[in-house]
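Inside the fold
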Amino acid sequence: MAAGLRLAELLVGLSTTGDIGMGLPPGEAARSAVLGTSLARAVGAPDADVSDVLYAALLQHIGCTAYSHEAALLFPDEVVVKRAGLRTNFARPVDVFRTYVPWLLSAGRPAERVRTVVNALARSRSVIDGYSRSNCEVASATSRRLGLGDGVQRALLDIFEWWNGRGAPKGLRGEQIPLATRITHVATYGALFHRLGGLEAAVDAVRTRAGGYLDPGLAAAFCARAPDLIGEMESADVAIAGPAAEPAPVAIVNDDDVDGILRTFGEVVDLKAPFLYGHSGEVTELARAAAGGIRMSDADVAAVARAALVHDLGRTAIPGGIWEREGPLRSDEWDRVRLHPYHTERILVRV
């Protein structure tokens, strides 16, 4: 790998790990990053905040594995619950029954749907608090391990706070929430709902969340500029436009840094279930020893070790309830398990 690779170029691809773990298509975080940096510049944010928005948007869902074990005890498919939650405006209780419940009823077997809805409604506050806290802590810690600054770490630690103070885990209100976090919030909903329903849906989603989830000033700025901001995002290849949006000085990683970055992502995926703790690292040591034992070249040994570090990234797309199932899996569950190398390849081909 050539020296002088941009960290953002690497993370645009690896952020897909969080996308598929949330039930989103690959590249969703990158779209949010492009839209967020454009919005940040449009409202005159300092370059430091523009950079923080880029990395916060890319990494905001990277901790989605951290609550998978707890969620698996309640839901047969926690990925469906995450996907439903992203589309629901919990600041408007009516939307729980108009959006959240119908989405939960749309997947799985009938008995599983009932269990999912009952647990989602009965334990919604504890699930939201637990997921928010664990995701924030893991995402922030991941950014620190990647060498990103305090601004990104703080933005991710507060990524589930709401403008009205009813978010989690700290209940921050208004401008207590970092500017980079608030911009990332608006961009995330703008990008998500544009994909789901076009420009009008994006503007409506941001407008209806203003004052609840979202900073009303930033929401108004987005709505006023939405055609241009979204047009810029849609016309770009986000894999290129994302890194290109980073202000100088850009974050650079050398060849020696890459193993540490890949190890970080492998360990985040290992959080998917308790029995996976340390799995990617142990596979790497065995693979490295085997490659050396058959006298592969040093370059090939290094490649094998890197492949081992990230061989399970696609595991995030498979519900924790399947990985932790006691007893034999059903045929449809085996089909999903067999797809996880395919999901891994989809992530790595974007890097």
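As the structure is a prediction and not an experimental result, all values here were calculated from the model.

It is worth spelling out the overall build of the protein at this point. The helix and strand inventory of the protein stands at 20 helices and two strands. A globule of 351 residues ought to have a C-alpha radius of gyration of about 20 Å, and the protein, at 20 Å, matches this closely. If you take every contact in the protein between residues at least 6 apart in sequence, the share linking residues at least 24 apart comes to 70%. In the structure as shown, the protein presents an accessible area of about 14900 Å², 56% of it carried by carbon and sulfur atoms. Computing the positive centroid from 37 side-chain charges and the negative centroid from 42, the protein places the two 7 Å apart.

What follows is about the side chain of R306. Secondary-structure assignment places R306 in helix 17 (residues 298–309). The class of R306 is buried, set by a relative accessible area of 18%. A distance of 2.6 Å separates a polar atom in the side chain of R306 from a polar atom in the side chain of D259.

Looking now at the packing of aromatic side chains. Applying the stated criterion across every chain yields a total of four aromatic pairs. Ring centres 5.6 Å apart and planes at 70° place the aromatic pair Y131 and F160 in the edge-to-face group. With Y131 in helix 9 (residues 124–145) and F160 in the loop between helix 10 (150–157) and helix 11 (179–197), the pair connects residues that are 29 residues apart, well separated along the chain. The interplanar angle of 45° and the centroid separation of 5.6 Å between the aromatic rings of Y189 and Y213 together place this pair among those described as tilted. Of this pair, Y189 sits in helix 11 while Y213 sits in the loop between helix 12 (199–209) and helix 13 (216–235), placing them 24 residues apart in sequence.

One pass over the full model with this rule turns up 19 salt bridges. In this structure, D158 engages R154 in a salt bridge whose closest nitrogen and oxygen atoms are separated by 2.3 Å. For R154, a relative accessible area of 36% corresponds to the partly exposed category. The shortest N-O distance in the salt bridge between E285 and R288 comes to 3.8 Å. Taken together, the residues span about one helical turn, with E285 and R288 both in helix 16 (residues 279–293) at a distance of three residues.

Turning our attention to the nonpolar core. Counting residues in each nonpolar core, the largest one holds 91 residues, and the members touching the most others are F222 and F265. Setting aside its immediate chain neighbours within four residues, F265 contacts L11, L14, T17, L59, I62, L146 and L313.

Across the 10 residues of helix 6 (residues 78–87), nine count as buried, placing the element largely inside the fold. Here helix 6 has its buried residues at E78, V79, V80, V81, K82, A84, G85, L86 and R87. Taking the backbone nitrogen of V79 as reference, a side-chain oxygen 3.0 Å away marks D77 as the first, capping residue of helix 6.

Quick look at the confidence of the model for the protein now. The predicted model of the protein averages 92 in pLDDT, with 99% of residues at 70 or higher. Within the protein, the element-level pLDDT minimum falls on helix 8 (residues 110–122), averaging 77, and the maximum on helix 4 (residues 47–59), averaging 98.

Moving on to the packing of helix 3 (residues 28–42) against helix 13. Where helix 3 contacts helix 13, the axes come no closer than 10 Å and their chain directions differ by 135°. Classified by the angle their axes make, helix 3 and helix 13 are oblique. The two elements helix 3 and helix 13 cross, and the hand of that crossing is right-handed. Contact with helix 3, carried on its side by R31, V34, L35, S38, L39 and A42, involves F222, R225, L229, I230, E232, M233 and E234 of helix 13 and no other residues of that element. In terms of residue class, the contact of helix 3 with helix 13 is made up of eight nonpolar, one polar and four charged.

Relative orientation and spacing of two packed helices are given, respectively, by the angle between their axes and the distance between those axes. Close contact between helix 1 (residues 7–14) and helix 15 (residues 255–269) brings their axes to 12 Å; oriented N to C, the two are set at 25°. In terms of orientation, helix 1 and helix 15 fall into the roughly parallel class. Our pair here, helix 1 against helix 15, has a crossing hand that is right-handed. For the pair formed by helix 1 and helix 15, the contact residues are L7, L10, L11 and L14 on the first element and I261, L262 and F265 on the second. Of the residues that constitute the contact of helix 1 with helix 15, the class distribution is seven nonpolar, no polar and no charged.

The next thing to look at is unusual backbone geometry. With an omega dihedral of 5°, the bond running from A168 to P169 counts as a cis peptide bond. For P169, the location among the structural elements is in the loop between helix 10 and helix 11. The omega torsion of the bond from A248 to P249 falls at -5°, within 30 degrees of zero and hence cis. Positive phi outside glycine occurs at R295, with the angle close to 60°.

We now examine the environment of A45. With respect to the element layout, A45 can be found in the loop between helix 3 and helix 4. Exposure remark for A45: the relative accessible area of 12% places this residue in the buried category. Taking the C-alpha atoms as reference points, A45 and G292, separated by 247 residues in sequence, lie 51 Å from one another. Among residues more than four places away in sequence, those in contact with A45 are A40, V50, L179 and I183.

Quick notes on the rules
As a convention, each chain's residues are numbered from 1 in the sequence order in which they are written. Owing to the predicted nature of the model, reporting of local features is limited to residues with pLDDT of at least 70; listing and counting of side-chain atom pairs is limited to 80 or more, with chain, interface and lining totals taken over all residues. Heavy atoms throughout the structure, all of them, feed into the side-chain values; hydrogens and water do not. Each helix is a run of DSSP H or I of at least 4 residues and each strand a run of E of at least 2, with the numbering of both proceeding from the N terminus. We compute the radius of gyration over the C-alpha atoms and compare it with the globule rule, which gives 2.2 Å times the number of residues raised to the power 0.38. Residues count as neighbours in contact if any of their non-hydrogen atoms are within 4.5 Å of one another. Methods summary: accessible areas were calculated by the Shrake-Rupley approach with a probe of 1.4 Å, and residue burial reflects only the protein chains presented. When charges are counted, Lys and Arg are positive and Asp and Glu negative, with His and the chain ends excluded. Where a charge lies is defined by one atom per residue type, namely NZ (Lys), CZ (Arg), CG (Asp) and CD (Glu). Partly exposed residues are those whose accessible area sits between 20% and 50% of the maximum for their type, while under 20% is buried and over 50% is exposed, using a 1.4 Å probe and protein chains only. Any pair of nitrogen or oxygen atoms within 3.5 Å is treated as a polar contact; in protein, a donor-acceptor pairing is required on top of that, and neighbouring residues in sequence qualify only through side-chain atoms on both sides. Between 30 and 60 degrees the pair is tilted, below 30 it is stacked and above 60 it is edge-to-face, where a pair is any two Phe, Tyr or Trp rings, Trp via its six-membered ring, whose centres lie within 6.5 Å. By definition, a salt bridge exists where a carboxyl oxygen of Asp or Glu is found within 4 Å of a side-chain nitrogen of Lys or Arg. Residues grouped as a nonpolar core are buried Ala, Val, Leu, Ile, Met, Phe, Trp, Tyr and Cys residues, joined through side-chain atoms within 4.5 Å. What pLDDT conveys is the predictor's confidence in a given residue, as a value from 0 to 100. Axes here mean lines fitted to C-alpha atoms, for a helix over just the part in contact, with angles spanning 0 to 180 degrees between N-to-C directions. Our angle categories are set so that under 35 degrees counts as roughly parallel, over 145 as roughly antiparallel, 65 to 115 as roughly perpendicular, and the remainder as oblique. Crossing handedness follows the turn of the near helix against the far one: under a right angle anticlockwise gives a left-handed crossing, and clockwise gives a right-handed one. Polarity classes work like this: nonpolar for Ala, Val, Leu, Ile, Met, Phe, Trp, Tyr, Cys and Pro, charged for Asp, Glu, Lys and Arg, and polar for all others, with Gly in that last group.

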